[in-house]
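# Structural characterization, general
Each chain is listed here by its residues.
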Amino acid sequence: MDLQLRSSTDGSFDTEEWLHAVTRGFLRAPRMPEKEVAEWLARSDRGRLRGAFAGDRCVATYRSFDQRLTVPGGTDVPAHAVTGVTVSPGHRRRGLLTRMMTADLAEAKEGGEMLSTLIAAEHGIYGRFGYGPATVSAAYTVEGSEAGLPATWTLPEAEGVVDFHVDGSVVRSAGPELFERFRLLHPGAVSRPARWWGVATGEIARGPEWREPWHVLFRDAEGTVQGMAAFTTDRHWDRGVPDGTATVDWLVATTPTAERALWSAVLSMDWVRRVRADRLPPDALLPDLLPNPRAARVTEANDFLWIRPLDVPAMLRSRGYAVEGELVLEVTDPLGLAGGRFLLTAGPDGADCVPTGRGADLTLDTTALGTLYLGDRPASRLLALGRLAEETPGAVHRADLLLAEPRRAWTPDVF
Ligand SMILES: CC(=O)SCCNC(=O)CCNC(=O)[C@H](O)C(C)(C)COP(=O)(O)OP(=O)(O)OC[C@H]1O[C@@H](n2cnc3c(N)ncnc32)[C@H](O)[C@@H]1OP(=O)(O)O
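Residues numbered from 1 in each chain as written. Predicted model: local features only at pLDDT ≥ 70, side-chain atom pairs only at ≥ 80, totals over all residues.

The criterion, for reference: UniProt positions are given in the numbering used here, feature names are shortened, and annotations may be inferred rather than shown by experiment.
Per an unreviewed UniProt entry, the protein chain carries the name GNAT family N-acetyltransferase and comes from Streptomyces bohaiensis. UniProt, in its Subunit (unreviewed entry) section for the protein chain, records the words "Homohexamer; trimer of dimers."

## Focus on the overall build of the protein chain
The cut-off we apply is this: The helix and strand labels rest on DSSP assignments: H or I over at least four residues marks a helix, E over at least two residues marks a strand, and numbering proceeds from the N terminus. Throughout, radius of gyration means the C-alpha value; the globule benchmark is 2.2 Å times the number of residues raised to the power 0.38. Put simply, a residue is buried when 20 or more other C-beta atoms lie within 10 Å of its own C-beta and exposed when 12 or fewer do; between those, it is partly exposed, and each C-beta is set from the backbone. Note on contacts: each residue gets a C-beta atom placed from the backbone, and two residues are in contact if those atoms are within 7 Å.
Looking only at helices and strands, the protein chain has 11 helices and 21 strands in total. Rg of the C-alpha trace for the protein chain: 23 Å, near the compact-globule value of 22 Å for 415 residues, within the 12% margin. With the C-alpha coordinates of the protein chain rotated into their principal frame, the extents come out at 65 × 60 × 40 Å. Sorting the 415 residues of the protein chain into buried and exposed places 40% on the buried side. For the protein chain, the share of sequence-separated contacts (at least 6 apart) that also reach a separation of at least 24 residues comes to 73%.

## As for the site of the ligand
Cut-off, in case you're wondering: We call a residue near a molecule or strand when its C-beta atom, built from the backbone, sits within 6 Å of it. Any residue outside Ala, Val, Leu, Ile, Met, Phe, Trp, Tyr, Cys, Pro, Asp, Glu, Lys and Arg is labelled polar, Gly included; the first ten of those are nonpolar and the last four are charged.
Among the 22 residues in the neighbourhood of the ligand, the closest are listed as Val85, Leu97, Thr98, Ala121 and Gly124. Of all the secondary structure elements, the ones that give two or more residues to the shell around the ligand are strand S4 (75-87), helix H3 (96-110) and strand S5 (115-119). Per-element accounting of the shell around the ligand gives the leading share, six residues, to S4. Residues belonging to the shell around the ligand are distributed by class as follows: 10 nonpolar, seven polar and five charged.

## Some details on helix H4 (residues 168-183)
Where we set the bar: For a residue, the bend is simply the angle between two axes, fitted respectively to the seven-residue segment ending there and the seven-residue segment starting there.
Roughly 45 degrees is the biggest bend found in H4, and it falls at Gly175, with proline Pro176 one to four residues downstream. Of all the positions in H4, only Val171, Gly175, Leu178, Phe179, Phe182 and Arg183 are classed as buried. At its buried positions, H4 is contacted by strand S3 (57-71), helix H5 (194-200), strand S9 (214-220), strand S10 (225-233) and strand S13 (244-253).

## Some details on the sheet that holds strand S17 (residues 325-332)
Note the following rule: By the convention used here, strands pair only if DSSP detects at least 2 bridges between them. Each axis is a line fitted through C-alpha atoms, taken for helices only over the stretch in contact, and angles between the N-to-C directions span 0 to 180 degrees.
Across the sheet, five strands lie side by side as S19-S18-S17-S20-S21; this open sheet has mixed pairing. Here the strands that pair on one side only, and so sit at the sheet edges, are strand S19 (350-355) and strand S21 (388-390). The mean inter-strand angle of the sheet, taken between neighbouring strand axes irrespective of direction, is 25 degrees. Where S17 lies against strand S20 (residues 362-365), four bridges are found, and the strand directions are parallel.

## A look at the confidence of the model for the protein chain
Detailed conclusions should not be drawn from predicted coordinates in areas where pLDDT is low. For the record, the criterion: Values of pLDDT, the confidence the predictor places in each residue, fall between 0 and 100.
Scored by pLDDT, the protein chain comes out at a mean of 96, with 100% of its residues at no less than 70. ipTM for the predicted complex: 0.97, alongside a pTM of 0.97.

## Some words on the pairing of strand S16 (residues 305-309)
Burial of S16 is extensive: five of the five residues sit out of reach of the surface. Pairing of strand S6 (residues 132-133) with S16, which is carried by two bridges, proceeds in the antiparallel orientation. Following the sheet pairing, Pro133 is matched in S16 by Trp306.

## Points about the UniProt feature "domain: N-acetyltransferase" (unreviewed entry) in the protein chain
UniProt's feature table lists "domain: N-acetyltransferase" (unreviewed entry) at residues 3-156, given in the numbering used throughout. As a span, residues 3-156 carries 23% helix and 36% strand, and end to end its C-alpha atoms are 64 Å apart.

## Section: the domain arrangement of the protein chain
To keep it simple, the criterion reads: Start and end points for every domain follow an automatic or database-based domain assignment.
Under the domain assignment used here, the protein chain contains domain 1 (3-113), domain 2 (138-301) and domain 3 (311-403). Computed from C-alpha coordinates alone, the two centres of domain 1 and domain 2 are separated by 31 Å. Listed per partner, the contact involves 15 residues of domain 1 and 14 residues of domain 2. Of all elements in the fold, only helix H2 (34-43) and S3 reach the threshold of two or more residues within the side of domain 1 that touches domain 2. Element by element, the count of residues in the side of domain 1 that touches domain 2 is highest for S3, at five residues. Among the residues making up the side of domain 1 that touches domain 2, the classes are represented as three nonpolar, four polar and eight charged.

## Regarding the UniProt feature "binding site: acetyl-CoA" (unreviewed entry) in the protein chain
As annotated by UniProt and renumbered to match this structure, "binding site: acetyl-CoA" (unreviewed entry) occupies Val85, Thr86, Val87, Arg93, Arg94, Gly95, Leu96, Leu97 and Thr98. Along the chain, the position of Val85 falls in strand S4. C-beta crowding within 10 Å serves as the criterion here: with 24 such atoms nearby, Val85 is assigned to the buried category. With respect to the helices and strands, Thr98 occurs in helix H3.

## Here we look at the nonpolar core
In globular proteins that are soluble, nonpolar side chains generally tend to be buried together. The cut-off we apply is this: In this usage, the nonpolar core is the set of buried Ala, Val, Leu, Ile, Met, Phe, Trp, Tyr and Cys residues whose C-beta atoms join them within 7 Å.
Of all hydrophobic cores here, the largest spans 111 residues; its most connected members are Ala229, Leu262, Val266, Leu362 and Ala379. Looking at this core element by element, the count peaks at seven residues for helix H6 (residues 256-267). Dropping the residues within four chain positions of it, Val266 is found in contact with Val216, Ala229, Phe231, Ala246, Val248, Val272 and Val275.

## Topic: the sheet that holds strand S2 (residues 48-54)
Taken together, the seven strands give an open sheet; going across it, the order is S1-S2-S3-S4-S5-S16-S6, and neighbouring strands pair in mixed fashion. Sheet topology places strand S1 (3-7) and S6 at the edges, where each strand pairs with a single neighbour. Here five bridges tie S5 to S16, and the two strands are oriented antiparallel to one another. When the sheet's bridge partners are listed, Ile119 is paired in S16 with Leu305.

## Some thoughts on the environment of Tyr321
Relative to the helices and strands, Tyr321 resides in the loop between helix H8 (312-318) and S17. Classification of Tyr321 as buried rests on a count of 23 C-beta atoms within 10 Å. Sequence separation between Tyr321 and Arg63 is 258 residues; the distance between their C-alpha atoms is 33 Å. If we ignore the near neighbours within four places in the chain, the residues touching Tyr321 are Ala346, Gly347, Pro348, Ala351 and Leu402.

Take a look at the structure:
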């Protein structure tokens, strides 16, 4: 049967069938439950949907939407986020993803977008489309008995208050404002759509696997909410002794005091012997917030957010730079969207980036530039890996200094 590529800008787009196809494509279930469909249609910022249809059956899906991405310097930039990418098993490796993605990126470029973001299900999928891995996500496990916290740990009154009895409605009212302050502190963090809070607290229907989490909130001594976390517990016992694991789903803190208080609060709960957290930065403060940092171990660390440059001068002008510097970058692009030779002149007071005829200092493709953009990995590392070329002696060292960011980039959310 002939396949038709359709987009939600076409009048007759079947969004319900598209949702069922995403549910199938991610192996969640053969169909999305009707209640979830209704709530998605009512509450989601749909963005732009694309799909391939064999008659009425949707066999490939793709969605892009507007997002904000925090960049070095503590500001945020618009991003063209991509998600919901699936091709059904019988139609894979026939170019459907390629057709949807090349059309979408070309439109994004045409519409003036500066970069695209996504979280890659597998490492091998998106490099060919010009995306580069820009943040790393790490999983940690903390053994409570090794952490060195007193068994009767409580927060000193002068530091603030930890509240364990927080229900979803408090999270939905106080969370968004807290998160807006938090995400600007972390290059790599992305905006949370309003719907996120309803989904995270069960106000919006979730699949049968969902369990309501516990929420804990931290207020500083002035009463300002500076942190919040959500976790679940397994209530496991071993031969008559509590051996529970608390899994922190998300923890947002705007001060180290708030962060220490929230981790300590979860770790010192009766029946909890260890705490796990899946999506932390590779240089999380967590170990050093504990009396014994060795109690916290990184159990996994993988690429997470990927960035695809679409407008190199706009991107490089928009981020901050701690030192003065100048670089000429020759950027190549496998899809012919963002390539060119650009002169970046940057410093603590701002940056300019313009097309230039000057000789290049570095030659790199959009994938490598996506990796360098948030400062998470230095140019010298990409040189060692053969992912960029140094055309002027010393240029890689200059790039290391100019693009450096003191803390690792971090994307706390899945989208
Ligand atoms: C942002 C997100 O939503 S991430 C989620 C991605 N989705 C999934 O992982 C769900 C399961 N997988 C799938 O649905 C599909 O396999 C997809 C979407 C990953 C790929 O769709 P396809 O239509 O098969 O891709 P397409 O035919 O355009 O392949 C293009 C190229 O990418 C390669 N490729 C595709 N998928 C993969 C992969 N998982 N790993 C490595 N290479 C891949 C193909 O081999 C092909 O290479 P070639 O040009 O050298 O021949």
